[in-house]
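# Report on the structure
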Amino acid sequence: MRLASTLAIAGLTFLLGCQTAPPATVPKTTVIQVAQGPPPKPKIALVLGGGAARGFAHVGVIRVLEQEKIPIDMVVGTSVGSLIGAIYAADLSSFDLEWTAFQLEKDDLFDFGIMNAVTGMGFAKGEKLEAWVKGHIKTANIESMKIPFAAVATDLNWGNKVVLDNGSVARAIRASAAIPGVFQPVQHQGKILVDGGVVDNIPISVAKAKGADIVIAVDISGNVGNTNITNLVGVTLQATNIMFALNVERSKKEADILITPAGIGDIGMLDFTQKKRCMQAGIEATMKAIPSVRKVIDAWVAAHSRPTIPAS
C-alpha cells in the first residue's frame, strides 16, 4: 500500500514537471492612421503679364494648362494679360478663349484721332476697347467671374498700384490696358488710372497677397530692341516697352513657375498679324514647363499632407 502511494506521488511529480510554462505575452505594436481624406490642394494663381499684341501667347499657355489638367484657382493680369485673363475667368474654356481672342483686331481696340491727342491725354480714347469687352465677355461684374479675377492698373496721380477685383469688368480692363500716351487715362473708382505695367507688369505679388500658394507667371515683355521707330506713337510704345521689361526683371523672381514664350520679342506691340505665332510660342513654352509645374505641385502637397502617427 505504501509502495502504491509512493509510486502515485512520483508519477504526479513527473507529470507536473513535464508541463511547460505558458508563453510570455508580447505587447503588439500598432499603427494608428490619422484620418486624412483627400490630399490637400494648393491654390494656384495664373499671372499674365502685359505686352500688347504679344498677349496672344497667353492663349496658348492657357490651352496647355487646361489640357494637362493643371487647376487654375485665380487669374491676375496686367494690360493685355487682364483682357485674356478675364475672357478665361468668365468662361473657363480655352476653346472659347481662343475663338474670342482670335476675333480681336487692332481696329477693335484703338479709336485713334488727332483731336484726342490735341485736346485729350492720349491718341485713343479707349471707348472701343471697353465696348469690345462688353460685347464679348458676358459677365458684367468681376465678382461674378467663375474663378476669382483681378486686373492691375496704376494710379496716375500718385503712382500706386491699384488692384481692380470688383465692379465693371470692361472698365477694369480698359484701365489696366490704358498705355500712357496711347490711351487716355480712365476715371474709375475715384481714381485716374493708366496701364498697370507702369508699376507692375507681372503682378505676382498681387496673387500672393490674395492667398495663392503657387504662382504660375507668364512674361511676354520680350526683347526691347526696336530699330523701326518712325513716329510719336512708336516712341511712346517703345518707351512703355522698356519700362515694362525693367519692372518685370524685379518681380519675376517671385514666381514659382515662370513661363517665357520664346521668339516673339520682335513682334511689335500693335502687330496683330502674328496671333498664331504668339499662340504657338505660348503652347511650346508651357509644354516645356509642365514637368516643373507638376513637381512644384507635388512638393507642396507632400509638405502639407498630415503624416501617419505610430502608437503602441
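Along the polypeptide, serine 251 turns up in helix H10 (residues 232-251). You can call serine 251 buried: its relative accessible area is 10%. Of note is the side chain of serine 251, whose polar atom sits 3.3 Å from the backbone oxygen of asparagine 247. What serine 251 contacts, discounting residues up to four positions off in sequence, is Asp200, Ile202 and Ile204.

Attention shifts here to a nonpolar patch on the surface. On the surface, Ile229, Leu232 and Val235 cluster together into a nonpolar patch covering about 260 Å² of accessible area. With respect to the element layout, valine 235 can be found in helix H10. Owing to a relative accessible area of 46%, valine 235 belongs among the partly exposed residues under this scheme.

Moving on: empty space enclosed by the protein. Applying the stated criterion across every chain, the model contains one cavity of 30 Å³ or more. Looking at the largest cavity, its volume works out to about 190 Å³. What lines the largest cavity is a set of 17 residues, and nearest its centre among them are Ala52, Val80, Leu109, Phe110 and Ala177. Of the residues in the lining of the largest cavity, the class split is 15 nonpolar, two polar and no charged.

The rules we used
Residues numbered from 1 in each chain as written. Predicted model: local features only at pLDDT ≥ 70, side-chain atom pairs only at ≥ 80, totals over all residues. Heavy atoms only, no water. Helix = DSSP H or I, 4+ residues; strand = E, 2+ residues; numbered from the N terminus. Buried < 20%, exposed > 50% of the residue type's maximum accessible area, 1.4 Å probe, protein only. Polar contact = N/O pair within 3.5 Å; in protein donor to acceptor, adjacent residues only side chain to side chain. Contact = heavy atoms within 4.5 Å. Patch = residues over 30% accessible without salt bridge, like charges linked within 9 Å, V, L, I, M, F, W, Y side chains within 5 Å. Areas by Shrake-Rupley, 256 points an atom, 1.4 Å probe, with all protein chains shown as cover. Salt bridge = Lys/Arg side-chain N within 4 Å of Asp/Glu carboxyl O. 1 Å grid on protein atoms, 1.4 Å probe; cavity = no way out; pocket = protein on both sides within 12 Å on 5 of 7 lines; lining within 4 Å. Points joined across faces, edges and corners; volume = space filled by probe spheres on them. Nonpolar A, V, L, I, M, F, W, Y, C, P; charged D, E, K, R; others polar.

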